[in-house]
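Structural characterization, general
So you can see what is in the structure, the chains are spelled out below.
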2 protein chains.
Amino acid sequence: MKKGVLLVLSGPSGVGKSTAVAELMRHRPQLRFSISATTRPARPGEMDGVHYYFKSRAEFDAMVARGALLEHAEYVGNGYGTPAAPVDKLLCEGYDVLLDIEVQGAMQVKRARPDAVLVFLAAPSFEELERRLNGRGDTAPELVQRRLETARREFQFADRYDYLVVSDKVEKTAGELDAIFTAEHCRTSANFTQRKEE
Amino acid sequence: MKKGVLLVLSGPSGVGKSTAVAELMRHRPQLRFSISATTRPARPGEMDGVHYYFKSRAEFDAMVARGALLEHAEYVGNGYGTPAAPVDKLLCEGYDVLLDIEVQGAMQVKRARPDAVLVFLAAPSFEELERRLNGRGDTAPELVQRRLETARREFQFADRYDYLVVSDKVEKTAGELDAIFTAEHCRTSANFTQRKEE
């Protein structure tokens, strides 16, 4: 069984990531997504193991301590992280897995799994990103500015990613993500490590 | 202007390289091929600068001496090599360039141009390669055996390539080569070097 590709996708709020990923799923229906662990309480309708793995603070901290998370961060007093075991299980079953996480998390995953493929999804320009954020119509100008600042700060890390995909026409963007998966499956590093393991 | 990708394709005789490349050209009509320099005399119908750059021995040796060839080798008393200048010109004009060369040449290109992308085209198995070589019907059994020996020897170098593509169904093989070009254009190394140069 050939192992799947672990792909980490980061990109600023408003760049069009979910649209691109939805289109990518039409090319790769077998693609799987990782499910985060969190200490925040479940909201109505959220199911454990579907939307999140809901953990107590003690459970979460124990996972961090024993290295059971590929990455983790604190956000408004709650812990969030990516459990390694379900991701590894999917990869070993041959599924490609997509992690949708921000820059600091991506750097942690790369340290934990050097064979992870890091893709940065960028807007064609910051002006265009601002236009998209404003175009939503539901975001306060102050929040737009804060998101732009975050986007500029995070873009400083883009050269630590393996790939930079520009979020332009959605078909083109999804096609490029699809090509990255295909190419990564052809990497000799993937193929020869594999053969030794067989 | 974004620089093109230099892709080196190697693979044993009989693996189906020309068929795969012909199919790839339907996806990427803008793809260009490098033209070799050679000291062997032109055959009837062969044109200088189209089929080969025909050089005298003195001209060829001078090119080798001044590092004007990306790779070179001697074959039955004649020199063959890939002139760097036309390849660089095409790359700078934004064209992707494909070099169809054997293993030793590929290793030379990688030393001369570390950003070259090396793709090894392999048969699904050596048994299948033998079947394809015999299936041609025009190859003497002795020659088939010699080609198989060469194929086994060259496959030892496959792990020095960036990608290993299995030559199976031609549409799949061409699709994988196409994806490798697309993915390589998204490489951050390509994009960020580019930006500094602009």
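Residues numbered from 1 in each chain as written. Chains lettered and ligands numbered in written order. Predicted model: local features only at pLDDT ≥ 70, side-chain atom pairs only at ≥ 80, totals over all residues.

Our focus in this paragraph is the overall build of chain A. Looking only at helices and strands, chain A features eight helices and nine strands. Taken over the C-alpha trace, chain A has a radius of gyration of 17 Å; the compact-globule value for 198 residues is 16 Å, and the two agree within 12%. Counting only C-alpha atoms and orienting by the principal axes, one finds that chain A spans roughly 55 × 40 × 30 Å. Counting the 198 residues in chain A, one finds 33% classified as buried. Contacts spanning at least 24 positions in sequence make up 69% of the contacts within chain A whose residues lie at least 6 apart. (Helix = DSSP H or I, 4+ residues; strand = E, 2+ residues; numbered from the N terminus. Rg over C-alpha atoms; globule rule 2.2 N^0.38 Å. Buried ≥ 20, exposed ≤ 12 C-beta atoms within 10 Å, placed from the backbone. Contact = placed C-beta atoms within 7 Å.)

With 88 residues, the main nonpolar core has Val 8, Val 119 and Ile 180 of chain A together with Val 8, Val 119 and Ile 180 of chain B as its most contacted residues. If sequence neighbours within four positions are ignored, Val 8 of chain A has contacts with Leu 99, Ile 101, Ala 106, Val 109, Ala 116, Leu 118 and Val 119 of chain A. (Core = buried A, V, L, I, M, F, W, Y, C linked by C-beta atoms within 7 Å.)

Another point: the relation of the copies chain B and chain A. Screw-axis analysis of chain B against chain A gives a translation of 0.0 Å along the axis, an RMSD of 0.0 Å, and a rotation angle of 180 degrees. Taken together, the turn and the small shift mark the pair as related by a two-fold rotation axis. It is Ala 179 of chain B whose C-alpha, among those of chain B, lies nearest the rotation axis, at 2.2 Å. Both copies present the same face, since 100% of the interface residues in chain B are matched by interface residues at the equivalent positions in chain A. (Least-squares fit on C-alpha atoms with pLDDT ≥ 70 in both.)

Turning our eyes to something else, we now look at helix 4 (residues 103-112) of chain A. Residue and element names in this part refer to chain A. Along helix 4, the residues that are buried comprise Val 103, Gly 105, Ala 106 and Val 109. Angular distribution of buried residues about the axis of helix 4 spans 155 degrees; they occupy a single face of the element. On the buried face of helix 4, the contacting elements are strand 1 (6-10), strand 5 (69-75), strand 7 (97-100), strand 8 (117-122) and helix 6 (141-155). (Arc of directions from axis to C-beta.)

A few words on the pairing of strand 1 (residues 6-10) of chain B. All names here are of chain B. Most of strand 1 sits inside the fold, with five of its five residues counted as buried. Where strand 1 lies against strand 7 (residues 97-100), four bridges are found, and the strand directions are parallel. Paired with Leu 6 across the strands is Val 97, a residue of strand 7. By the bridge criterion, four bridges tie strand 1 to strand 8 (residues 117-122) in an arrangement that is parallel. Note that in strand 8 the partner of Val 8 across the bridge is Leu 118. (Pairing = 2+ DSSP bridges.)

Let us now look at the packing of helix 1 (residues 17-27) of chain A against helix 7 (residues 170-186) of chain A. Residues and elements named next belong to chain A. At a closest axis distance of 8 Å, the pairing of helix 1 and helix 7 adopts a crossing angle of 60 degrees. On the basis of their axis angle, the class for helix 1 and helix 7 is oblique. Helix 7 is crossed by helix 1, and the crossing has right-handed handedness. Contacts from Thr 19, Ala 20, Glu 23, Leu 24 and His 27 in helix 1 reach Val 170, Glu 171, Thr 173, Ala 174, Leu 177 and Asp 178 in helix 7. (Axes fitted to C-alpha atoms, helices over the stretch in contact; angles between N-to-C directions. Parallel < 35°, antiparallel > 145°, perpendicular 65-115°, else oblique. Left-handed = near helix turned anticlockwise from the far one by under 90°.)

On to the sheet that holds strand 1 of chain B, then. Residues and elements named next belong to chain B. Strand order in the open sheet made by the five strands is 2-7-1-8-9, with parallel pairing throughout. The sheet terminates laterally at strand 2 (32-33) and strand 9 (163-166), the two strands that pair on one side only. Here helix 4 (residues 103-112) sits on the sheet and contacts strand 1, strand 7 and strand 8; the angle it forms with strand 1, its principal contact strand, is near 160 degrees.

With that settled, the discussion passes to the interface of chain B and chain A. Taken together, the contact pairs 17 residues of chain B with 17 residues of chain A. Within the residue set of the side of chain B that touches chain A, elements represented by two or more residues are strand 9, helix 7 (170-186) and helix 8 (188-197) of chain B. Of all the elements, helix 7 of chain B adds the most residues to the side of chain B that touches chain A, at six residues. Looking at the side of chain B that touches chain A, its residues break down into ten nonpolar, three polar and four charged. (Nonpolar A, V, L, I, M, F, W, Y, C, P; charged D, E, K, R; others polar.)

This next bit is on the environment of Val 5 of chain B. Residues and elements named next belong to chain B. The residue Val 5 is located in the segment before strand 1 in this model. Separated by 88 residues in sequence, Val 5 and Glu 93 have C-alpha atoms that sit 11 Å apart. The contacts of Val 5, once residues within four sequence positions are left out, are Asp 96, Val 117, Phe 181, Glu 184 and His 185.

What follows covers the confidence of the model for chain A. Mean pLDDT over chain A: 93, with 97% of residues reaching 70 or higher. Under the prediction, the complex receives an ipTM of 0.84, its pTM being 0.89. (pLDDT = per-residue confidence, 0-100.)

Further remarks concern the pairing of strand 7 of chain A. As paired elements, strand 2 (residues 32-33) of chain A and strand 7 of chain A share two bridges and run parallel to each other. Note on strand 7 of chain A: the bridge partner recorded for Phe 33 of chain A is Leu 98 of chain A.

Residue and element names in this part refer to chain B. Pairing within the open sheet is mixed, and its four strands lie in the order 4-3-6-5. A single partner strand is all that each edge strand has here, and the edge strands are strand 4 (53-54) and strand 5 (69-75). Pairing geometry for strand 3 (residues 37-38) and strand 4, over two bridges, is parallel. Bridging from a neighbouring strand, Thr 38 pairs with Phe 54 of strand 4.

All right, on to the domain arrangement of chain A then. All names here are of chain A. Assigned domains within chain A: domain 1 (1-31 + 98-198) and domain 2 (35-95). On the domain 2 side, the residues contacting the 14 residues of domain 1 number ten residues. Residue classes in the side of domain 1 that touches domain 2 are distributed as six nonpolar, five polar and three charged. (Domains from an automatic or database assignment.)

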